[in-house]
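As a plain string of letters, each chain reads:
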Amino acid sequence: MLKNWTRNPYGKGARAPWVPPEAVEELPPGVIAARARLGWPSKSEESARSRTPDRSRDRSPLKGTIACQVISASEVCQLKKSEKFQFEECRLVLHSGEVLTKTRQDAPWTPTVGRSGARRGQLHLAREISKDDRKRQEALQAYDALVFAAGTNLSKESLFSTWCKISRARGEEPLPLDPEKIRLNVAILRCSGYRAVKSYVYEARDRHVRAGFPVSPQLNVAVQDAKRVAERALGPVQRAEEVKPAWWNGFMEEHGVMVEDNEASQETPNAGLLTWVVGTPFVLREVELRGLTLDARCVQLETKDKVVTLSLPVSKSDPGGRGAKRSLGCTCKGRNDFFCPFHVVERIVQEQCCRLHVNDRGGLTDKLPLIGQRGDPRYFVDKRTMVTEAQRHVELMQDVGFAKECDRTRITGHFMRRSGIKEMARNGCTFSSIQWFARHSSQVTWAYIEEAWSETPAHALKLKDEIELAESVAFLLRKVNRLEEAEDMRADEVKQGLQNDGLWFD
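Fair warning: this is a prediction, and the values are worked out from it, not measured in the lab.

Student: I keep staring at the overall build of the protein and nothing clicks. Help me out?
Tutor: From N to C terminus, the protein includes 17 helices and six strands. Among the 506 residues that make up the protein, the fraction classed as buried is 42%. Expressed as a percentage of contacts within the protein between residues at least 6 apart in sequence, the contacts between residues at least 24 apart total 64%. As displayed, the protein offers around 28,700 Å² of accessible surface, 53% of which is attributable to carbon and sulfur atoms.

Dropping the structure here:
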C-alpha cells in the first residue's frame, strides 16, 4: 500500500510562526523520528527557521520513482495525535515524464495535464525499461499504485482481516478455501449480524485465486450458495437520513446562519448552517464538500448571469481522473434567499477571503479551503467533524420544533446526497437529469426518487399518467402503420395498372 505523503501543516510554501525557546514543548520520541524522516526541523529549530519540509528529496533524479517520503502507519497516527497537519499533493512520476497527482490520501490518481496534452507512447523507452532491472521495479511500483484506490485497498484489507480472524479463532488457516470453510464462515458472519457477507466471500475468493490455489467447480457452487444466503431476508437497506431543505430554510429565517453555543468547537465549519446549503443542492458527499478550495478554478462565480459552477474533485467512482463540473443558478430572484445556491456560495467566498486577507482568488488559494475551521480558516475540516456538526445542527433544529421526524443518529456523510436527490425528484426533475447531476452510476438514484414519489401524493399519479400516455402513443402508432400499409398497397395497384396499359417503364 502506498503511504507516500509530503506534509506541511501551514500550507504549501507557508512559514511557521516564531516560537520563543522557552515555549518549545517536548514531543514523544516516535513523533520526533517521524518529523525527522519528513524533513521537518525539531521544535527548537522552528524558532529560527521555517518548518517547511525539505523538498530536495522530492526531486528524484530517476524518473519512475515515487517522489515523496515514506513514513509508517504508526508514525502517521502519532503525528495526527500530536499536532495539526494537512496533506499536500502526492506525485507519481512515470518514465515517460507523465506526472500523476492526488491531493487526498484516499483520492485516485489524476493526470496533471489534460487529454490533449498527454504524451504518446515511446517504443524506445519501453525497450529501455524492459532491459533495466531497477526501471522494471519502478514500473511495477507505479502499476501497483494504480490497481486500486487507496480507500479500496483499506476496505479489502479490512474484509480479509475479518475473514482471517474468524478462521483462526477455530484453529484453521483462512486459505486455501474449500466448500466447508466457506459454508462455516458465512454462517458465522450471518449469525453475528454482518450484512455485507457477500463482500467477505468475494474478497476471500479473490485472495484464493491470487495465491495460486485451484478453483474447483465445487468451490464455485459454494460461493454461489453463500451469495444466496447473504442476500436473503436482509430487510430494508439502512440509508443516510434525509434533512429537508425546507427545515434548514425555516430554521435560518428564525435564528440566522451562524449557530453560536458552548458546544461548538474550533474545528467545526466556519460557514455554519450555510455549509449544508452548499452541499444539498449540489448533491455532495461530506468529503467532497470539505475538499472544495477557494481558488476560482474550483468555485466559479459568474456575477452577470448569477451562476455558480463547482469543479468537483475526482473520487473513487471516477478512476479515470476526469473530474466533473456542476452549475446552479440563482433561485431567489434577487431576494437573497437563505437557500439560493449562487448567493450562498458568493457569501461564503467573500467571508473566507476576508478571514484569510485574500484579494485575488489565484496563486496559492488552491491550497486553501472554501469552508475552513472556526479556529483557523487555513485548515480543512475533518470529514468526521463534518458529520458530527451536521448531527448537532439537526439536534438544535429539533429543540425549536423543526425536523421532528428526523433521526439524527442516522445522519452520515451521504445525507446531503439523499436530501438533494429527493428534493430534485419532488420538483419534477427527470430521472436521467438527476442521475447525471448526482454523478451516480448505480440504481441508488432510483431508490431515492422512488422514496420521494411515494411520500408525495401528487407524484403517486405519475405512473397512471405515464401508462395512459404509453397506450395513446401505441394506438396512434398502430393507426400510422395501417395508413402506411394502405398507401403502399395503393401505390402497387397504380403501378400494376400502368404496366398493363404499357405506360410504365422501369
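Student: Just to check I follow, could you spell out the confidence of the model for the protein for this structure?
Tutor: As a general rule, the predicted coordinates of low-pLDDT regions are not to be interpreted in detail. Averaged over every residue, the pLDDT of the protein is 76; residues scoring 70 or more account for 69%. The low-confidence segment residues 46–88, where pLDDT is below 50, has 126 contacts with residues more than four positions distant or belonging to other chains.

Student: Even after reading the chapter, I still don't get the side chain of threonine 280, so can you show me in this structure?
Tutor: Topologically, threonine 280 is positioned in the loop between α10 (274–279) and α11 (286–290). A distance of 2.9 Å separates the side chain of threonine 280 from the backbone oxygen of tryptophan 276, its partner in a polar contact. When neighbours within four sequence positions are excluded, threonine 280 is seen to be in contact with Pro245, Phe339, Met416, Ser419 and Gly420.

Student: Would you mind going over a nonpolar patch on the surface with me for this structure?
Tutor: Residues Leu140, Tyr143 and Val147 make up a contiguous nonpolar surface patch of roughly 300 Å² in combined accessible area. Counting through the fold element by element, valine 147 comes out in helix α4 (residues 133–147).

Student: Looking at this model, I keep getting lost on the pattern of salt bridges. Mind explaining?
Tutor: For side chains bearing opposite charge, pairing can occur when the charged atoms are close. A full pass over the atoms with the stated rule returns 25 salt bridges. Here arginine 410 ties to glutamate 241 by a salt bridge, and the two come within 3.3 Å at their closest N and O atoms. Of the two residues, arginine 410 is situated in the loop between α13 (383–399) and α14 (415–426) and glutamate 241 in the loop between α8 (217–231) and α9 (245–255); the sequence distance between them amounts to 169 residues. The salt bridge involving glutamate 423 is made with arginine 426; its shortest N-O contact spans 3.4 Å. With glutamate 423 and arginine 426 both in helix α14 and three residues apart, the pair spans about one turn of that helix. Accessibility expressed as a relative area gives 26% for glutamate 423, which makes it partly exposed. Among the ionic contacts, a cluster of salt bridges with common partners joins Lys156, Glu157, Glu203, Asp206, Arg207 and Arg210.

Student: Teacher, can you tell me more about helix α16 (residues 444–455) here?
Tutor: Think of an α-helix as turning once every 3.6 residues; residues three or four places apart then point the same way. Between the first and last C-alpha of α16 there are 17 Å, a value that for twelve residues agrees with the 16 Å anticipated at 1.5 Å per step. Buried residues belonging to α16 abut α14 and α15 (431–438).

What counts as what
- Residues numbered from 1 in each chain as written.
- Predicted model: local features only at pLDDT ≥ 70, side-chain atom pairs only at ≥ 80, totals over all residues.
- Heavy atoms only, no water.
- Helix = DSSP H or I, 4+ residues; strand = E, 2+ residues; numbered from the N terminus.
- Buried < 20%, exposed > 50% of the residue type's maximum accessible area, 1.4 Å probe, protein only.
- Contact = heavy atoms within 4.5 Å.
- Areas by Shrake-Rupley, 256 points an atom, 1.4 Å probe, with all protein chains shown as cover.
- pLDDT = per-residue confidence, 0-100.
- Polar contact = N/O pair within 3.5 Å; in protein donor to acceptor, adjacent residues only side chain to side chain.
- Patch = residues over 30% accessible without salt bridge, like charges linked within 9 Å, V, L, I, M, F, W, Y side chains within 5 Å.
- Salt bridge = Lys/Arg side-chain N within 4 Å of Asp/Glu carboxyl O.
- Expected span 1.5 Å × (residues − 1).

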